[in-house]
Amino acid sequence: MKADRPSSTALFVAAARGLGAFLPESARLIRDPYGMSFGGPALRAFDKLATPFAERLSPRLRPSGRLELGILWLQLRTRVLDDYIAEFVAAGGRQVLLLGAGYDTRASRLSGLGADVAFFEVDHPATQRHKRAVLAREKIPADRARYLAWDFEAQPLAALPNALAGIGHDASAPTITIWEGVTMYLTESAIDASIRCVRSLSARGSAFAITYFEREAVRDNRWMKFFVSRLGEPMRFGWQPSELGPYLSERGFELVRDENQPEIARRLLPAAYATRPFTSFRRIALATVA
Ligand SMILES: C[S@@+](CC[C@H](N)C(=O)[O-])C[C@H]1O[C@@H](n2cnc3c(N)ncnc32)[C@H](O)[C@@H]1O
């Protein structure tokens, strides 16, 4: 990421979450009414004018092709992680840590989880600055979020747990850490340091949800590489699925679930949508403290 520029990929995925409002009801798995607020004037104007009428407009504006696939993927990814958080909270967990939070608005969207659930958001300073400015400007309720600006590549991750303690995180109580849409942009050393850092702040009963790309796709998918590097955030890292379990286990986590995009689509979408040409290199894994 460029040091002084908010993340463009964060804006892209937040907008895609918001655009989910234009999908037919059967394919809508989550609602993010704030997703488009982080964009520029044109996107915000579209949001204000069109989203309230999405139900009526969607037969005309219904996205198709790559755009539809991207929006559907954000529905799936968000829903899987929302479900992991809901399961964690149902089991008694009360701390949600969003690493590379971007314009994730779970602290606002998931208000039904209970007022005692705390959200800790760690992100690159430039992205977090923009996010907080937009939350204030749009009066988006985010009272349950506590913020920490951190550059994973430039600041020592070993110091992150102490810094989180400074904003109220309790490392002796369980935490669910959500690492959504971040691993592909980090270097291998930042990945290793991040996982060790998450382990050191994860008490027994903690969970760790990770979205990742298969390494071969990071290496070979030219269209995707071109797209994200044009956004200024080149892709750098992936695992092969068979490696992830041992990799996490060496760092104190047990892999309990690891699904790819088509598997998640079949699990959550109606048949007409589940058969869209989803790509199998995008994956979501869940690990617990071993
Ligand atoms: C694709 S966005 C995902 C945002 C959010 N998790 C979501 O899914 O909506 C990638 C996020 O990684 C963050 N990021 C990338 N490199 C980073 C770094 N070196 N330090 C801190 N955050 C970084 C960006 O600021 C951005 O918020």
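This section reports on the structure supplied with the text. (Residues numbered from 1 in each chain as written. Predicted model: local features only at pLDDT ≥ 70, side-chain atom pairs only at ≥ 80, totals over all residues. Heavy atoms only, no water.)

## Details of the packing of helix α4 (residues 65-90) against helix α12 (residues 261-268)
Step number 1: The N-to-C vectors of α4 and α12 enclose an angle of 80 degrees; their axes lie 10 Å apart at closest approach. In terms of their interaxial angle, α4 and α12 are classed as roughly perpendicular. The segment α4 lies against α12, with W73, L76, R79 and V80 engaging Q261, I264, A265, R267 and L268.
Step number 2: Residues belonging to the contact of α4 with α12 are distributed by class as follows: six nonpolar, one polar and two charged. (Axes fitted to C-alpha atoms, helices over the stretch in contact; angles between N-to-C directions. Helix = DSSP H or I, 4+ residues; strand = E, 2+ residues; numbered from the N terminus. Parallel < 35°, antiparallel > 145°, perpendicular 65-115°, else oblique. Contact = heavy atoms within 4.5 Å. Nonpolar A, V, L, I, M, F, W, Y, C, P; charged D, E, K, R; others polar.)

## As for α12
Step number 1: Three or more residues of α12 are buried, namely Q261, P262, I264, A265 and L268. The buried residues of α12 occupy an angular sector of 160 degrees when the element is viewed end-on, so they sit on one face.
Step number 2: Where α12 is buried, its residues touch α4, β6 (253-260), α13 (271-274) and β7 (282-289). (Buried < 20%, exposed > 50% of the residue type's maximum accessible area, 1.4 Å probe, protein only. Arc of directions from axis to C-beta.)

## Here's the deal with the site of the ligand
Step number 1: For the ligand, the set of nearby residues contains 22 residues, the closest of which are R77, G100, D123, F152 and E180.
Step number 2: Take G102: an N or O atom from its main chain is 3.3 Å from an oxygen atom of the ligand.
Step number 3: In the environment of the ligand, a nitrogen atom lies 2.7 Å from a nitrogen or oxygen atom belonging to the backbone of E180.
Step number 4: Out of a free accessible area of 590 Å², the ligand has 97% covered by protein chains.
Step number 5: Examining the composition of the shell around the ligand, we find that four residues originate from one element, helix α1 (residues 8-19), more than from any other.
Step number 6: Of the residues belonging to the shell around the ligand, the class tally is nine nonpolar, seven polar and six charged. (Near = heavy atom within 4 Å. Polar contact = N/O pair within 3.5 Å; in protein donor to acceptor, adjacent residues only side chain to side chain. Areas by Shrake-Rupley, 256 points an atom, 1.4 Å probe, with all protein chains shown as cover.)

## Here we look at the sheet that holds strand β2 (residues 118-123)
Step number 1: Strand order in the open sheet made by the seven strands is β3-β2-β1-β4-β5-β7-β6, with mixed pairing throughout. The outermost strands of the open sheet, each flanked by one partner alone, are β3 (145-149) and β6. Geometrically, the sheet is characterised by an average inter-axis angle of 20 degrees between neighbouring strands, direction not taken into account.
Step number 2: Pairing geometry for strand β1 (residues 95-99) and β2, over five bridges, is parallel. Across the sheet, V96 pairs through a bridge with F119, a residue of β2.
Step number 3: Taken strand by strand, helix α8 (residues 188-200) contacts β1, β4 (175-179), β5 (207-213), β6 and β7, and its axis lies near 165 degrees from that of β4.
Step number 4: Where α12 meets the sheet, it contacts β6 and β7, and its direction lies at approximately 75 degrees from that of β6. (Pairing = 2+ DSSP bridges.)

## Brief notes about the environment of Q128
Step number 1: Within the element layout of this structure, Q128 appears in helix α6 (residues 125-137).
Step number 2: On the accessibility criterion, Q128 (6% relative accessible area) is buried.
Step number 3: Contact partners of Q128, with chain neighbours within four places excluded, come to E121, V122, D123, Y147, L148 and A149.
Step number 4: One polar contact links the side chain of Q128 to the main-chain carbonyl oxygen of E121, over a distance of 3.2 Å.

Fair warning: the whole summary comes from geometry, so function is off the table for now.
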